[in-house]
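Each chain, letter by letter, is given below.
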Amino acid sequence: MNLMYQSTRSNSEPITASKAILKGLADDGGLYVPKSIPKLELSMKELSDLNYQQTAYEVMKLFLTDFTEEELKSCIEKAYDSKFDTEEIAPLVKADGAYYLELFHGATIAFKDMALSILPHLLTTAAKKNQVQDEIVILTATSGDTGKAALAGFADVEGTKIIVFYPKDGVSVVQEKQMVTQKGDNTYVIGIRGNFDDAQNGVKAMFNNKELGAKLKEKGYQFSSANSINIGRLVPQIVYYVYSYANLYKNEEIAEGEKINVVVPTGNFGNILAAYYAKCMGVPIGKLLCASNDNKVLFDFFQTGIYNKNREFILTSSPSMDILISSNLERLIFQIAGEDADKTLELMKALSTKGEYEITEEMKFRMQEFTAGYAAEAETAETIKKLYEKTGYVIDTHTAVAASVYNKYRTQTGDTSKTIIASTASPYKFARSVMNAVDMKYDGLGEFELVDELSKLSGTDIPQAIEEIKTAAVLHTRVCDKDKMQETVENILM
Ligand SMILES: *Cc1c(COP(=O)(O)O)cnc(C)c1O
């Protein structure tokens, strides 16, 4: 029996995993969720003997049940290969009492690679399975890291085009350079005059525009999404939580069944939702700590039960978390509403009309395993500096938000459970903020001098992804107003 997927906003027409991956977003604007969350079939002892690829298969086969073993294994082999600079794929580094789960060893040195190196293969396999003849157009909004990871994943993948929108003044120098130097005849990169939420809203509007869909269909195109709303993004992210727990167990850092906490620097709520799904599958996880930067809409939500996006949008040194509408939260809302699609629809309508909604007491009760915290800019910088001075380990700004929240949580609660901190980007990707946090004396240096200094300071090699863009030519120069996104897409495709 196949595990089916339904929209968070209606109970009609559950579809297979491959169809859900192809569609991205449901027609009613909802997100696809599995009808039930499967339990792990292997014991922790058995899982601890598996490498990353084998673990990926054991986890993903339970969710993507309409993929054959051969199809799924082929996707996994193509994704988690020498594009990663370590065979472990997602290594754990112990520093100052916590375990940093390094999710940045892929092609673009941020955690989006974990899912986006496999999504193109899942998507093209899903297209074949469902006899899709149309060319697939990936439409993506990015706060910086998704864009490049998606571009790298889809570049020159046959039968696909990829169009990426990013906030022109809302990403780091390195992030922008990574995107605008992207090679591949099927890649398009566009800066918009607006912030990430504008980009994401524009993309969502195009997905929901039936007229545009019909026009594209005539030309032989079909939209799909590489954003973290796609279930094909979420499922691969569950893998590393299973894998890292199994590794802690194998290395005798934890006893059998010992509960650990997981801290995740959060933006669109995809990564932490994956940790939650891992917990639902049976990984012994106690608390899930949702860490925000100054855009602390999620912190306020977990504190009060009120989600309110009507607030100032703040640009921070952790730009990939500068988000006010956290899309994947809808999947948690659906779950804690008792899988009630009508209730979810009502709340999401309130969000789009009033910019605000409030959940019930019962729903609040059902999300007790989540705890939230946030770190202000000064705390984030302080965390980078202190950890470096104490241990020599250098973390990026996003990871530092999580580390700061973790430190505060541990002090306030006395909870000393072993803890995994999701380390979502290489410090090289945010070299200026990282080096300034260590010492303001670096502020006068150019972007690549900083990278050299960071290498000396941390005793780590400069990643290939950074070496590459030092000399790469700019290939994309399009910029458009936030209300001209659809026009731009039509110009590209028609
Ligand atoms: C995308 C991103 C995040 C936020 O992850 P979500 O799944 O959107 O919550 C955190 N850190 C970095 C470096 C990212 O690229």
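Values in this document were obtained by computation on a predicted structure and should not be read as measured data.

Q: Before we move on, can you summarise the layout of surface pockets with the specific residues and values?
A: Computed from the structure, the largest pocket encloses a volume of approximately 470 Å³. What lines the largest pocket is a set of 18 residues, among which Lys23, Asp27, Phe207, Gly213 and Phe223 lie closest to the centre. For the lining of the largest pocket, the elements supplying multiple residues, two or more each, are α1 (17-23), α9 (196-208), α10 (210-218) and β8 (221-225). If you tally residues by element for the lining of the largest pocket, the top one is α10, at five residues.

Q: So what about the sheet that holds strand β13 (residues 370-374)? Which residues, and what values?
A: The strand order across the open sheet built from six strands is β3-β4-β14-β9-β10-β13, with neighbouring strands paired in mixed fashion. The strands lining the two open edges of the sheet, one partner per strand, are β3 (92-95) and β13. Put simply, the sheet's adjacent strands are angled 25° from each other on average, direction ignored. As judged from the five bridges shared by strand β9 (residues 260-265) and strand β10 (residues 285-292), these two strands associate in the parallel manner. Pairing of Val262 across the sheet is with Leu288, part of β10.

Q: Break down the side chain of Glu102 for me, citing the residues and quoting the values.
A: Among the structural elements, Glu102 can be located in strand β4 (residues 98-102). Within the buried set, Glu102 has no salt-bridge partner at all; the shortest N-O distance to an opposite charge, 15 Å, is to Lys94. Discounting residues that sit within four places of it in the chain, Glu102 has contacts with Ile89, Ala90, Pro91, Val93, Tyr393 and Ser423.

Q: Any details on the UniProt feature "modified residue: N6-(pyridoxal phosphate)lysine" (unreviewed entry) in the protein? Residues and values, ideally.
A: Following the UniProt record, the feature "modified residue: N6-(pyridoxal phosphate)lysine" (unreviewed entry) maps to Lys112 here. Tracing the sequence through the fold places Lys112 in helix α5 (residues 112-116). Once residues within four sequence positions are removed from consideration, Lys112 is found in contact with Asp145, Thr146, Ala149 and Arg233.

Q: Describe in detail the UniProt feature "domain: Threonine synthase N-terminal" (unreviewed entry) in the protein, supporting the description with residues and values.
A: Mapped onto the present numbering, the UniProt feature "domain: Threonine synthase N-terminal" (unreviewed entry) falls at residues 5-80. Within the segment residues 5-80, helix and strand shares are 45% and 8% respectively, and the terminal C-alpha atoms sit 26 Å apart.

Rules behind the numbers
Residues numbered from 1 in each chain as written. Predicted model: local features only at pLDDT ≥ 70, side-chain atom pairs only at ≥ 80, totals over all residues. Heavy atoms only, no water. 1 Å grid on protein atoms, 1.4 Å probe; cavity = no way out; pocket = protein on both sides within 12 Å on 5 of 7 lines; lining within 4 Å. Points joined across faces, edges and corners; volume = space filled by probe spheres on them. Helix = DSSP H or I, 4+ residues; strand = E, 2+ residues; numbered from the N terminus. Pairing = 2+ DSSP bridges. Axes fitted to C-alpha atoms, helices over the stretch in contact; angles between N-to-C directions. Buried < 20%, exposed > 50% of the residue type's maximum accessible area, 1.4 Å probe, protein only. Lys, Arg positive; Asp, Glu negative; His and termini not counted. Salt bridge = Lys/Arg side-chain N within 4 Å of Asp/Glu carboxyl O. Contact = heavy atoms within 4.5 Å. UniProt positions renumbered as here; feature names shortened; annotations may be inferred.

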